[in-house]
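Analysis of the macromolecular model
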Amino acid sequence: MPLELFTVGDPIADTKAPSDVAIGERWSERRFRGRLVNPANRRKMTVIVVGTGLAGGSAAATLGEAGYKVKSFWYQDSPRRAHSVAAQGGINAAKNYRNDGDSVYRLFYETIKGGDFRSRENNVHRLAEVSVNIIDQCVAQGVPFAREYGGLLDNRSFGGTQVSRTFYARGQTGQQLLYGAYQALERQIAAGSVEQHARTEMLDLIVVDGRARGIVARDLVTGEISTHYADAVVLATGGYGNVFYLSTNAMGSNATAIWRAHKRGAYFANPCYTQIHPTCIPVKGDYQSKLTLMSESLRNDGRVWVPKERGDTRDPREIPEGERDYYLERIYPSFGNLVPRDIASRAAKNVCDEGRGVGPGGLGVYLDFADAIGRLGRPAVQAKYGNLFDMYAQITGEDPYATPMRIYPAVHYTMGGLWVDYDLQSTIPGMFVIGEANFSDHGANRLGASALMQGLADGYFVLPATITEYLADAPFDTVDDSHPAAGEALQNVQNSVQRMLDINGTRTPASFHRELGKLMWDMCGMERSEESLRKALDRIPEIRQEFWTNLKVTGDGQSFNQTLELAGRVADFIELAELMCVDALHRRESCGGHFRAESQTPDGEALRDDENFAYVAAWEWTPENEPPVLHKEDLEYEYVHLAQRSYK
């Protein structure tokens, strides 16, 4: 592809993972070789943690428990409102309680395969190792995991696997795990080791002599813009799925923290890798602002189907068995309804494109529990999924016990994020990135129940063990408001806020967000092509130009102003969307959730190009009007052989 949209820079590599020992020994060897900080010195060091989801909440609590002074920032009124609370189905761990063949190595292999061979072996193997500790940690905190009759922890299956390794608490797993992390965090707040900053949003990163030394933040209630300093900064601010406007993310979820850090020098990796979840309630109207997820766990017992004939609008209960197409079971007999998310989403789109979709607009497929209810009985199904069925009934007005659910794919998670090394440190020394905010573990597609696993692994076990290597070089020079870098960052935020207030145009931030989101979904969503991506790249600069000349922000900057909050986030989404499209355009292959129409097998499956694209794309920000710089991190596989994925 011509380089008019980007330039190619020097390669990048992760040098932190020990390469002189077997993969199963690398994490323990890294911890042993890493320098430590003694307890007396920890009390002298400050760490800023931005975000209080599973990754941020667990990290702040663990660092506080270790003796560091922690400053915790979140934009909600309570840490309990972090979007991790919305995760439903479960959390993976390779404990093999079911004795069905699971192991750390199997979880490692299936995660690499599920990510379509576009993730790092070292990071994924560590994640699989640490998974077995997470469950014990959470049980000790009182997380009420589901249990079998005899009292043992229960497991269920998720997509992309043939074993049962997913621990769950009905359909509220994220909520219960977040409450565990929240209690640990509140304990440290009460002990005085964690300083809390509620309703406060990070708007810039303070970089001094090449190191991350603090943040600029705005109090969302009073409008006050302030600076905060530390020896290290940890970003745990989640993903950027709301660039598509309609997604399963909370409406407040945004990319501002990681995008502003990117503009300060942190490389952004694989931004085009977004996950489309196959099990969402379909869109109902033009002015809908959010989509609702129905947990992937429902595919354990629910069967996915559409009518065999196009245009069949009969009540699903009136369609005979012989006139139904259980297409996942037909196309992928080995995995059936438990194929990975990207494959299930793509298959749903295909049958709807054929004219066999159901519901308004034909954008839906059935998820049917009639067989499960007949086999297990309604009480058993209700015990497993009752709150999810209740949610569906409240939103749609339909009884899923009596008639099949209707589902359709939607944006759910982002595998891209800020580039980090094995220590979870970004390209800015002193800035660490954990959870969904980094790119490190999922490749081109995330397996279900792995997000909660990664967030808690990073926060409870990985970051606290690796940040010591960096902090062992402390003490660093004192930084305060008198430092030129701090003053420049503060002024940058103040100018940006005032600029948005001064435009006084005619269009709301939400109108720009809606237009951008639809463009991204249509042109860079479930399926992309060179033609669609170039159309998007022609239109996005026009949207940005109109945004900065015709934006209407009511109110002022010295008070509670949600329109101003949204305007700043949409400005970042516009810039991020452009990079996403550049990344998608340059990657001329289909892999995982990134499906290029020009790159598919004869039977319509994703066709990778390992010879040319087996690398992480790490993008460097450049000044305005200059193309971004692509740095490639080659992916080397010692333990998993590259192969075309097959779930048939």
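What counts and how
Here the residue numbers are simple positions, counted from 1 along each chain's written sequence. Only residues with pLDDT of 70 or above have their local features reported here, since the model is predicted, and side-chain atom pairs are shown and tallied only from 80 upward, although totals for entire chains, interfaces and linings are computed over all residues. Excluding hydrogens and water, the side-chain values take into account all heavy atoms of the structure. Labels follow the DSSP assignment, with helices taken as runs of H or I lasting at least four residues and strands as runs of E lasting at least two, numbered in each case from the N terminus. Just to be clear, the radius of gyration here is over C-alpha atoms, and the globule rule we use is 2.2 Å times residues to the power 0.38. Any residue under 20% of the maximum accessible area for its type is buried, any over 50% is exposed, and the rest in between are partly exposed; the area is computed with a 1.4 Å probe on protein chains only. Working rule for contacts: check all heavy atoms of both residues, and any pair within 4.5 Å makes them a contact. Accessible surface is estimated by sampling points in the Shrake-Rupley manner with a 1.4 Å probe; for residues, cover comes only from the protein chains shown. Buried Ala, Val, Leu, Ile, Met, Phe, Trp, Tyr and Cys residues that are joined via side-chain atoms within 4.5 Å together make up what is termed a nonpolar core. Domain borders in the structure are assigned automatically or taken from a domain database. Only strands joined by at least two bridges in the DSSP assignment are considered to pair. Stacked, tilted and edge-to-face pairs are distinguished by plane angle, under 30 degrees for stacked and over 60 for edge-to-face with tilted covering the rest, among Phe, Tyr and Trp rings (Trp via its six-membered ring) whose centres lie within 6.5 Å. Cation placement over rings: the criterion is NZ of Lys or CZ of Arg within 6 Å of the ring centroid and within 35° of the ring normal. In protein, a polar contact means a hydrogen-donor-capable atom and an acceptor-capable atom, both N or O and within 3.5 Å, with residues adjacent in sequence counting only if both atoms are side-chain atoms; elsewhere, any N or O pair within 3.5 Å suffices. Every axis in this analysis is a line fitted to C-alpha atoms, fitted for helices over the stretch in contact. Angles between the N-to-C directions lie between 0 and 180 degrees. Under this scheme an angle from 65 to 115 degrees is roughly perpendicular, one under 35 degrees roughly parallel, and one over 145 degrees roughly antiparallel; angles in between are oblique. Crossing chirality is assigned from the near helix's rotation relative to the far helix, an anticlockwise turn below a right angle marking it left-handed and a clockwise turn marking it right-handed. As a working rule, the residues Ala, Val, Leu, Ile, Met, Phe, Trp, Tyr, Cys and Pro are called nonpolar, Asp, Glu, Lys and Arg charged, and the rest polar, with Gly in that last group. Here, a salt bridge means any side-chain nitrogen of Lys or Arg that lies within 4 Å of a carboxyl oxygen of Asp or Glu. Note: buried area is the sum, over both parts, of the accessible area (probe 1.4 Å) each one loses when the two are combined.

Looking now at the overall build of the chain. Of the regular secondary structure elements, the chain holds 17 helices and 20 strands. Relative to the 2.2 N^0.38 estimate, which gives 26 Å for 648 residues, the radius of gyration of the chain is 24 Å and therefore close to what a compact globule would have. Split into buried and exposed, the 648 residues of the chain put 61% on the buried side. Long-range pairs, those at least 24 residues apart, make up 74% of the contacts in the chain between residues at least 6 apart in sequence. Within the structure as shown, the chain displays about 24,200 Å² of accessible surface, and the carbon and sulfur contribution to it stands at 48%.

Now for the nonpolar core. Counting 154 residues, the largest nonpolar core has Ile91, Leu235 and Met431 as the members making the most contacts within it. A per-element tally of this core places helix H16 (residues 562–586) first, with 14 residues. Three or more residues apiece are contributed to this core by two domains, here domain 1 (3–273 + 415–471) and domain 3 (484–614). Beyond its immediate chain neighbours, meaning those up to four positions away, Met431 contacts Leu205, Ala212, Val233, Leu235, Ala261, Ala266, Leu418, Leu424, Gln425 and Ser426. Formed by 31 residues, the second largest nonpolar core is a distinct cluster that contains Ile281, Val306, Tyr327 and Ile373.

Spatially, five strands are ordered S12-S16-S15-S13-S14 in an open sheet, and the strand pairing comes out antiparallel. Of all the strands in the sheet, just strand S12 (274–280) and strand S14 (324–325) have a single pairing partner and so form its edges. Both S12 and strand S16 (residues 405–414) contribute to a ladder of five bridges, which runs antiparallel. Its bridge partner lying in S16, Ile276 is registered against Val411.

Turning next to the packing of aromatic side chains. Considering all chains together, one arrives at 21 aromatic pairs under this definition. Each ring, one from Trp305 and one from Tyr366, has its centre 4.7 Å from the other, and the planes form 45°; the classification is tilted. Placement of the pair is Trp305 in strand S13 (residues 303–307) and Tyr366 in strand S15 (residues 365–368), with a sequence separation of 61 residues. For the pair Trp305 and Tyr366, one class covers both residues: buried. The interplanar angle of 70° and the centroid separation of 6.1 Å between the aromatic rings of Phe432 and Tyr470 together place this pair among those described as edge-to-face. With a gap of 38 residues between them, Phe432 in strand S18 (residues 431–433) and Tyr470 in helix H12 (residues 451–471) connect regions that are remote in the sequence. Of the two residues, Phe432 and Tyr470, neither departs from the other in class, the shared state being buried. Here the basic side chain of Arg126 rests over the ring of Trp27, its NZ or CZ set 4.9 Å away from the ring centre. The residue whose ring lies beneath Arg324 is Trp305, and the NZ or CZ to ring-centre distance is 4.2 Å.

Take His594: it is sitting in the loop between H16 and helix H17 (610–613). A distance of 3.3 Å separates the side chain of His594 from the backbone oxygen of Arg587, its partner in a polar contact. A distance of 3.3 Å separates the side chain of His594 from the backbone oxygen of Glu589, its partner in a polar contact. Setting aside residues no more than four positions away along its own chain, His594 makes contact with Cys272, Tyr273, Ala444, Arg528, Ala584, Arg587 and Glu589.

The subject of this paragraph is the environment of Ser482. You can see Ser482 is positioned in the loop between H12 and helix H13 (484–503). Take Ser482: its relative accessible area is 63%, and that puts it in the exposed class. Distance from Ser482 to Arg170, taken between C-alpha atoms, is 52 Å for residues 312 residues apart in sequence. For Ser482, the side chain forms a polar contact with the side chain of Asp480, separated by 2.4 Å.

This next bit is on the pairing of strand S19 (residues 615–620). Counting buried positions over the six residues of S19 gives five, a clear majority of the element. By the bridge criterion, two bridges tie strand S11 (residues 268–269) to S19 in an arrangement that is antiparallel. Its bridge partner being in S19, Ala269 is matched across the sheet by Ala618. Bridge count between S19 and strand S20 (residues 629–634): six bridges; the pairing is antiparallel. Directly across from Val616, in S20, lies its bridge partner Glu633.

In the contact formed by helix H3 (residues 54–66) and H12, the axes pass within 8 Å of each other and the chain directions differ by 30°. Here H3 lies roughly parallel to H12, going by the angle between them. Two packed elements cross with a definite hand, and for H3 against H12 that hand is right-handed. Here Leu54, Ala55, Ser58, Ala59, Thr62 and Leu63 of H3 lie close against H12, whose contacting residues are Leu452, Gly455, Leu456, Gly459, Tyr460, Leu463, Pro464 and Ile467. Per-class residue counts for the contact of H3 with H12 are ten nonpolar, four polar and no charged.

For the coordinates displayed, the defined rule picks out 60 salt bridges. As a salt-bridge pair, Arg587 and Glu589 come within 2.9 Å of each other at their nearest N and O atoms. Put simply, Lys648 and Asp603 hold a salt bridge, and the shortest N to O gap is 2.8 Å. Taken together, the positions of Lys648 in the segment after S20 and Asp603 in the loop between H16 and H17 put the pair 45 residues apart, joining distant regions of the chain. With relative accessibility at 40%, the residue Lys648 sits in the partly exposed group. Look at the salt bridges and you will find they share partners, linking Asp116, Arg118, Asp342, Arg587, Glu589, Arg608, Asp610 and Arg645 into a network.

Attention now goes to the domain arrangement of the chain. One frequently used descriptor of interface size is the decrease in accessible area upon assembly of the parts. Examined at the domain level, the chain breaks down into domain 1 (3–273 + 415–471), domain 2 (277–412) and domain 3 (484–614). Each of domain 1 and domain 2 has a C-alpha centre, and these two points are 31 Å apart. Contacts between the two partners involve 26 residues from domain 1, matched on the other side by 30 residues from domain 2. The junction of domain 1 with domain 2 conceals about 2,400 Å² of combined surface from both sides, 52% of it contributed by carbon and sulfur atoms. Three residues stand out in domain 1 for area buried against domain 2, namely Gln88, Leu246 and Thr248, and they jointly supply 26% of the buried area on that side. Taken together, the links from domain 1 to domain 2 amount to zero salt bridges. Counting across the interface, domain 1 meets domain 2 through 17 residue pairs in polar contact (both at pLDDT 80 or more). Residue composition of the side of domain 1 that touches domain 2, by class: eight nonpolar, 15 polar and three charged.

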